[in-house]
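# Structural description and commentary
Here are the chains, one letter per residue:
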Number of protein chains: 2
Amino acid sequence: MDTLSEAGLTELPAEGRNLLFTDARTASFFAPTPVTDEELSEIWDLAKWPPTQANTQPLRVLYVRTAEGKERLVKHLAEGNRPKSQSAPVVAVLALDTQFHEHVPQVFPHNPGLKNVFEENPDKRIADGTFSAALQAGYFIIAARAVGLYAGPMTGFDKAGVDAEFFPDGRFKSLAVVNLGHPGENAYRDRLPRLDTATTLQWA
Amino acid sequence: MDTLSEAGLTELPAEGRNLLFTDARTASFFAPTPVTDEELSEIWDLAKWPPTQANTQPLRVLYVRTAEGKERLVKHLAEGNRPKSQSAPVVAVLALDTQFHEHVPQVFPHNPGLKNVFEENPDKRIADGTFSAALQAGYFIIAARAVGLYAGPMTGFDKAGVDAEFFPDGRFKSLAVVNLGHPGENAYRDRLPRLDTATTLQWA
């Protein structure tokens with residue numbers, strides 16, 4: 001497994017797999033250990049690279065880490081989620097840019113007409129954009145772990161409230177919030193079961 | 001960055017970041033190098049762990065790797081995508097289990113009533129399920145890279161056709177197909193640009 005060549009790794013050694021997947025846990029409560037803006041930028045410098053549909057990259061990230069920002073955000077969360085985000089040094093709001101297609105000529109230059117396809121089909125635009133943004137949210141969570149942080153993604157919040165608070169022009173629509181930091185006391189409960197492969201995998 | 005302690009890595013070293021994110025590429029054309037069922041199982045043994053909403057895990061994976069299976073699949077792809085999947089030793093069909101909520105009592109035992117919430121709200125069930133399944137598709141692509149494979153995700157195919165072919169009872173709805181293997185000649189073109197952080201990141 002540890003095939004480290006001059007050209008780089010050809011697969012991820014066990015320690016990396018443990019860090020990102022097998023041993024990683026979703027944290028609910030965080031230590032006061034600070035998280036720097038540099039670490040948060042590092043997450044995005046990784047998460048921005050994996051693929052999206054037609055390279056559209058529709059995910060937008062708002063990092064909330066000041067006391068004032070946290071206060072504006074936490075009141076829109078489900079009550080049971082507020083202590084979690086209050087304990088986290090940073091909460092990332094992950095949102096869809098509903099006008100992501102404006103960037104198509106830049107990000108997908110060999111088919112700039114795709115911009116008009118999305119312009120003329122708002123239902124397709126939101127469905128396809130939400131799918132790619134959710135893919136990117138998956139990349140974001142793994143990237144946070146790669147940077148050494150624990151992530152606690154949550155969907156229990158008043159999305160319209162968060163959007164009115166932080167995205168008042170209506171262009172960005174929040175999809176999830178992700179608490180970020182280092183695990184505190186009782187950071188997580190026992191791991192929940194995963195479905196078996198008889199349920200999840202098929203072969204043809 | 002290389003803080004390997006007895007307890008494991010606390011962050012991912014540069015070589016691992018390069019493999020999974022920074023240097024990784026989406027492959028369009030693949031070498032004939034075989035991919036084993038063991039490698040495909042390994043992908044899922046990683047990808048099944050990161051979080052989903054209420055641990056619902058709605059993604060289902062069909063690995064198509066026989067000649068007969070490939071023939072049944074390729075005819076439903078957009079014409080421009082057929083040579084890509086024909087060159088790939090394996091194509092994974094990623095699908096949403098639209099009845100994923102049946103597993104809630106097993107996977108989220110402290111709130112089994114969530115099953116009924118999803119039962120009574122099919123629109124919420126499909127929207128929430130699709131979001132979590134897309135998150136898992138993101139985990140799947142990174143996990144494939146961790147196992148040493150290149151991934152080529154595509155959404156250009158006849159979803160109703162694929163579903164009728166492989167999921168005739170109507171329960172699973174395909175979301176994407178992912179070509180898997182080792183890169184062949186002209187496996188990928190020049191890398192497309194990523195949006196700058198002035199567009200993607202905000203701070204509060």
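Just above, that's the structure.
Residues numbered from 1 in each chain as written. Chains lettered and ligands numbered in written order. Predicted model: local features only at pLDDT ≥ 70, side-chain atom pairs only at ≥ 80, totals over all residues. Heavy atoms only, no water.

## Here we look at the interface of chain B and chain A
The condition that has to hold: In this analysis, two residues are considered to be in contact whenever any of their non-hydrogen atoms come within 4.5 Å of each other. Buried area is a sum: the accessible area each of two parts loses on coming together, probed at 1.4 Å, counted once for each and added. Salt bridges are defined by distance alone: a side-chain nitrogen of Lys or Arg within 4 Å of a carboxyl oxygen of Asp or Glu. Definition of a polar contact: a pair of N or O atoms within 3.5 Å, with one able to donate and the other able to accept a hydrogen when the atoms are protein atoms, and with sequence-neighbouring residues admitted only if both atoms are side-chain atoms. By the criteria applied, helices consist of DSSP H or I runs no shorter than four residues and strands consist of E runs no shorter than two, each listed in order from the N terminus. Residues are grouped as follows: Ala, Val, Leu, Ile, Met, Phe, Trp, Tyr, Cys and Pro are nonpolar; Asp, Glu, Lys and Arg are charged; all remaining types, including Gly, are polar.
Contacts between the two partners involve 76 residues from chain B and, on the opposite side, 76 residues from chain A. In total, about 6900 Å² of surface goes out of reach between chain B and chain A, with carbon and sulfur atoms giving 67% of it. Where chain B touches chain A, the interface holds two salt bridges. Between A:R17 and B:E42 there is a salt bridge whose closest N-O contact spans 2.6 Å. Where chain B touches chain A, the interface holds 38 residue pairs in polar contact (both at pLDDT 80 or more). At eleven residues, the largest contribution of residues to the side of chain B that touches chain A is made by helix α7 (residues 122-146) of chain B. Its residues assigned to classes, the side of chain B that touches chain A shows 43 nonpolar, 21 polar and twelve charged.

## Digging into the sheet that holds strand β5 (residues 150-154) of chain A
The condition is simple: Should DSSP find at least two bridges between two strands, the strands are regarded as paired. Angular values range over 0 to 180 degrees, each being the angle between N-to-C directions of two axes fitted as lines to C-alpha atoms, with helices fitted over their stretch in contact.
Strand order across the open sheet formed by five strands is β5(A)-β6(A)-β4(A)-β3(A)-β7(B), with mixed pairing between neighbours. Each having just a single partner strand, β5 of chain A together with β7 (201-203) of chain B make up the two edges of the open sheet. Across the sheet, the mean angle from the axis of one strand to that of its neighbour is 25°, orientation sign disregarded. The pairing of strand β4 (residues 90-97) of chain A with strand β6 (residues 172-181) of chain A spans eight bridges and is classified as antiparallel. Counterpart to A:V90 in the pairing with β6(A) is A:L180. Helix-sheet contacts for helix α2 (residues 37-47) of chain A involve β3 (59-64), β4 and β6 of chain A together with β7 of chain B, and the interaxial angle to β3(A) is about 165°. Here helix α7 (residues 122-146) of chain A sits on the sheet and contacts β3, β4, β5 and β6 of chain A; the angle it forms with β4(A), its principal contact strand, is near 155°.

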